[in-house]
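# Residue-level structural notes
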Amino acid sequence: MDSQPKKSGFDYKWVIVGICILIMLIGTGFVPNRSLCMGAITKKIGVSRDVFSLNDTFRFLATAICNLFFGFFVSKFGTKKLICTGLLIYIGAFVAYSTVSTIPMFYLAGILTGCAVSFVGTTMIGSVINKWCKENTGTITGLAMASTGLGSAVASQVLTPIIEKSVNGYKTAYRISAILLALLLVVVILFYKEKAKTPRDVVPNKKKTFRGRAWEGLPYADTAKKPYFYAALVCIFLTGFCVQGFVSVTALHMKDVGMPLYVLKWAPTMHSIIFIFCKFGAGFMYDKAGLRKTSSVCTIASVITLLMMAMYTNSTLGIVLAFASQVVSSFAIPLETVMLPIYAGDLFGQKAFDKIMGIFVACNVSGYAVGVPAMNFWYRFFGSYKGILIINAFIMLSVFFALQFIITAAHKEKNKLEEKENEISEVTA
């Protein structure tokens, strides 16, 4: 009898990757523009932007808290149950956004959204792909997360006119997204499978340079003793603070300076299309060029974007800068998505990947929770986002320099561990 297992002609991981693409396309892509919805909702219920922006604070804090326990949840319940739960909560949140009319209820909807995103967002997609795809992880992660851009591009064309059409337009937009999420839930129930552990999941011990290939890493207890781990957390927090800060107010900032509707419609659409390629490109570049070059390109792009946004005006130059900044910002957006699982896997390896990934995303969205209201509090007192955009540009420049030291320290530790493993394997061979 042939003791070798027969290889299937089709690898089911591609079905899983396809589902991950749908989750990112619909769950994080084809959703109403939060910035425009904030403008419509605050106008309808008569509250200031800074008060309503606490909705985002509660949302991001909920995501951060859930992500701290992400590793436990995955080991206890598995990924399929968590994804289904996340989609159900997401649907409930969007239905709430389309029906409620008081600030406390909007805050509740924000909390529900935050919980949902922790189960169907960057953390989950990073974890699922890390389990199913042990090589070229960066490229495949980038491919899945790039679908957010396609969803956003379609949403910009379909949902933005609906939101802008009437004072209740945002309600219709949220209901459309809720229906699509319900259809996505059916797909997950029917076709998603948990990854069964096989001998192929063992990380290979190779001497070649690590790029886009899993390495064993350190236990979390050892990782927690490394100073560069905490430095990385600070950088990830500040990145969330600055990048989500400018993302959350881009459309409003354009509107505030008097840019015409075609700019509000087409600049975000162009951005969404371009960052499809940038997210995929970030993963591909990581697999080919490594972490340092990839993170540097994304971080410097965020600095340039913030400075361009500070120069927005309702003029020919201002409109050119609006479109140009949306191109450049597309290279910065992977810092919030693709780069988080890449940071976790490259800097700290596989042993505690889910736990570290959860902590990284928790820090990132904690930055969102502080950064978004900070932008709007600044607007309340100064009547413009210009000053805080410039401040955030210098913060991201500091992050760029800090990352160089963090990557150097982490790679020294990784090389030391791999050399030790190679010595042991040579002795036992």
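Rules used in this analysis
- Within each chain, residues carry numbers counting from 1 in the order of the written sequence.
- Two thresholds apply to this predicted model, a pLDDT of at least 70 for residue-level local features and 80 or more for giving and counting side-chain atom pairs, whereas whole-chain, interface and lining totals are computed over all residues.
- Based on all heavy atoms of the structure, the side-chain values leave hydrogens and waters out of the count.
- What pLDDT reports is the predictor's confidence in each residue, on a scale of 0 through 100.
- The secondary structure listing takes helices from DSSP runs of H or I that are at least 4 residues long and strands from runs of E that are at least 2 residues long, numbered from the N terminus.
- It only takes one pair of heavy atoms within 4.5 Å for two residues to be counted as in contact.
- Ring pairs shown here join Phe, Tyr and Trp side chains whose ring centres sit within 6.5 Å, with only the six-membered ring taken for Trp; geometry is labelled stacked below 30 degrees between planes, edge-to-face above 60, and tilted in between.
- Two limits define a charge over a ring: the Lys NZ or Arg CZ must be within 6 Å of the ring centre, and within 35 degrees of the ring normal.
- Cysteine sulfur atoms are paired as a disulfide whenever they fall within 2.5 Å.
- Under the scheme applied here, a residue whose accessible area is under 20% of the maximum for its type counts as buried, over 50% as exposed, and between as partly exposed, the area being computed with a 1.4 Å probe on protein chains only.
- Whenever Lys or Arg places a side-chain nitrogen within 4 Å of a carboxyl oxygen from Asp or Glu, that contact is recorded as a salt bridge.
- Helices are assigned an expected span. That span is 1.5 Å times one less than the residue count.
- Bend is the name given here to the angle between axes fitted to two runs of seven residues, the run ending at a residue and the run starting at it.

### Here we look at the confidence of the model for the protein
The predicted coordinates of low-pLDDT regions are not to be read in fine detail. Averaged over the protein, the pLDDT score is 83; the fraction of residues at 70 or greater is 90%. Across the protein, helix α14 (residues 291-309) holds the top mean pLDDT of 94, while helix α2 (residues 34-45) sits lowest at 75. The low-confidence segment residues 1-6 (pLDDT under 50) makes 0 contacts with residues lying over four places distant or belonging to another chain. Note that residues 202-210 has pLDDT below 50 and, in this model, 18 contacts with residues that lie over four places away or in other chains.

### Section: the packing of aromatic side chains
Taken as a whole, this structure holds 19 aromatic pairs when the rule is applied. Residues Phe72 and Phe73 carry aromatic rings whose centres are separated by 5.9 Å and whose planes lie at 55 degrees to one another, so their mutual orientation is tilted. Sitting over the ring of Tyr12, Lys193 keeps its end group 4.3 Å from the ring centre. The residue whose ring lies beneath Lys355 is Tyr220, and the NZ or CZ to ring-centre distance is 4.9 Å.

### What about the state of the cysteines?
Working definition of a disulfide: a covalent bond connecting the sulfur atoms of two cysteines. Enumeration according to the criterion identifies 0 disulfides in this entry. Cysteine Cys298 remains unbridged, with the sulfur of Cys278 as its closest cysteine sulfur at 8.1 Å. The class of Cys298 is buried, set by a relative accessible area of 4%. Left unpaired, Cys363 is separated from the closest cysteine sulfur, that of Cys235, by 11 Å.

### Looking at the pattern of salt bridges
Throughout the structure, instances matching the rule amount to 3 salt bridges. For Lys131, the salt bridge is made with Asp354, and the minimal N-O distance between the two is 2.9 Å. Taken together, the residues Lys131 in helix α8 (residues 122-132) and Asp354 in helix α17 (residues 353-382) connect sequence positions 223 residues apart. With a relative accessible area of 25%, Lys131 lands in the partly exposed category. According to the relative accessible area criterion, Asp354 is buried, its value standing at 17%. Across the pair Lys414 and Asp346 runs a salt bridge whose closest N-O atoms are separated by 3.4 Å. Here Asp346 lies in helix α16 (residues 339-348) and Lys414 lies in helix α18 (residues 386-428), a separation of 68 residues in the sequence.

### With respect to the environment of Thr63
Mapped onto the fold, Thr63 is located in helix α4 (residues 54-68). Each C-alpha atom, one on Thr63 and one on Tyr220, is 21 Å from the other, the two residues being 157 residues apart in sequence. Aside from chain neighbours lying at most four places away, what touches Thr63 is Gly114, Cys115, Val117, Ser118 and Val365.

### Side note on helix α13 (residues 261-289)
Three- or four-residue spacings in an α-helix give side chains the same orientation, since the helix completes a turn every 3.6 residues. Spanning 29 residues, α13 covers 40 Å between terminal C-alpha atoms, matching the ideal 42 Å at 1.5 Å per step. Within α13, the axis deviates most sharply at Phe275, by approximately 25 degrees. Looking one or two residues beyond α13, the residue adopting positive phi is Gly290, at roughly 95 degrees.

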